[in-house]
Amino acid sequence: VRLDDSSLLGLSSDVIRQDGRKKSAEELADLFAAKFRGLRRAVLPTRKGGVRTIALGLLKHDARRALGLIATAAVPMPRAYLEKLFPKYDWRRFVARFRHAGFLQTDQAFLRLSRPVLEAIREDVEQKKSLNQEWIDRLSQIEAHVDAAAFLSVHFIAAGRYEDAARVAVNIAQYTNLGW
């Protein structure tokens, strides 16, 4: 990479100087670090003493999605429910790692994220929409179950799909009146 290619790398034009080719590797690294410093996600403590830290953005895609599904669930759920709803994720392994990293509260029955993790995930509006849609897609498949339909309605409301939420609520009312 030549320094005059800096605009292609997202660096501002004031980086280019006549003596630019004489920059050391350390100076170039500093420029890149300054450029990307604002793009990093929130850094979260992984141990109570804050000895180690890990960025949510460094998690693998599947782990990030699984963590996001926990964050956007209508209510806290046990791992067993998530395993049945989203079997493509390795929930046993993820939950063990999330607990070890301090992402989850100590509640053994339900998966609840620690406040800093929950806030960091919920800050990303596009990711939150995508995760909510993943919940909608899955719960729509089992909408005939009244309990799943109730959660589906909540996710429709979160997505701003009020007519769909009302339709599901009316269906729930009809099912319960029929004694289902």
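Bear in mind that the values here come from a model prediction, so they are computed numbers and not experimental data.

What counts, and at which threshold
- Residues numbered from 1 in each chain as written.
- Predicted model: local features only at pLDDT ≥ 70, side-chain atom pairs only at ≥ 80, totals over all residues.
- Heavy atoms only, no water.
- Helix = DSSP H or I, 4+ residues; strand = E, 2+ residues; numbered from the N terminus.
- Buried < 20%, exposed > 50% of the residue type's maximum accessible area, 1.4 Å probe, protein only.
- Areas by Shrake-Rupley, 256 points an atom, 1.4 Å probe, with all protein chains shown as cover.
- Axes fitted to C-alpha atoms, helices over the stretch in contact; angles between N-to-C directions.
- Parallel < 35°, antiparallel > 145°, perpendicular 65-115°, else oblique.
- Contact = heavy atoms within 4.5 Å.
- Nonpolar A, V, L, I, M, F, W, Y, C, P; charged D, E, K, R; others polar.
- Expected span 1.5 Å × (residues − 1).
- Arc of directions from axis to C-beta.
- Core = buried A, V, L, I, M, F, W, Y, C linked by side-chain atoms within 4.5 Å.

Draft legend 1. The overall build of the chain, seen in detail. Summing up its helical and strand segments, the chain has eight helices and two strands in all. Overall, the chain shows an N-to-C arrangement of helices and strands of α-β-β-α-α-α-α-α-α-α. Of all 180 residues assigned to the chain, the portion counted as buried reaches 34%. As displayed, the chain has an accessible area near 11700 Å², and 54% of this comes from carbon and sulfur atoms.

Draft legend 2. A look at the packing of helix α2 (residues 61-72) against helix α4 (residues 91-101). Between α2 and α4, the least distance of the axes is 11 Å, while the angle of their chain directions is 80°. When the axes of α2 and α4 are compared, the pair comes out roughly perpendicular. Facing α2, whose interface residues are Asp62, Ala63, Ala66, Leu67, Leu69 and Ile70, α4 presents Trp91, Phe94 and Phe98. In terms of residue class, the contact of α2 with α4 is built from eight nonpolar, no polar and one charged.

Draft legend 3. The arrangement of helix α7 (residues 146-158) in detail. Taking 1.5 Å as the rise per residue, α7 with 13 residues should run 18 Å; its terminal C-alpha atoms sit 19 Å apart, in good agreement. Restricting attention to buried positions, one finds in α7 the residues Ala148, Ala149, Leu152, Ser153, His155 and Phe156. Buried residues of α7, viewed axially, fall in a sector of 165°; they line one side. Within α7, the exposed residues directed more than 90 degrees away from the buried face are Asp147 and Ala158. Looking at the packing, one finds that the buried side of α7 touches α2, α6 (125-141) and α8 (162-177). Gly160 occupies a position one or two residues after α7 and carries a positive phi of about 80°.

Draft legend 4. Up close: helix α5 (residues 115-123). Listed as buried for α5 are Val117, Leu118, Ala120 and Ile121. Down the axis, α5 shows its buried residues gathered within 165° of arc, on one side only. Seen from the open side of α5, the exposed residues pointing more than 90 degrees away from its buried face are Arg115 and Glu123.

Draft legend 5. View of the nonpolar core. Formed by 38 residues in total, the largest nonpolar core has its most connected members in Leu67, Trp91, Phe98, Leu113 and Trp135. Going through the elements one at a time, α2, α3 (79-85), α4, α5, α6, α7 and α8 are the ones with two or more residues in this core. At six residues, α2 tops the list of elements feeding residues into this core. Setting aside chain neighbours within four positions, we find Leu113 in contact with Leu67, Ile70, Ala71, Phe103, Leu104, Gln105, Leu118 and Ile121.

Draft legend 6. Fine view of the packing of α2 against α5. Following both chains from N to C, one finds α2 and α5 inclined at 100°, their axes separated by 10 Å at the closest point. Compared by their axis directions, α2 and α5 come out roughly perpendicular. Counting all contacts with α2, which are made through Leu67, Gly68 and Ala71, the residues of α5 involved are Val117, Leu118, Ile121 and Arg122. In the contact of α2 with α5, the residues fall into five nonpolar, one polar and one charged.

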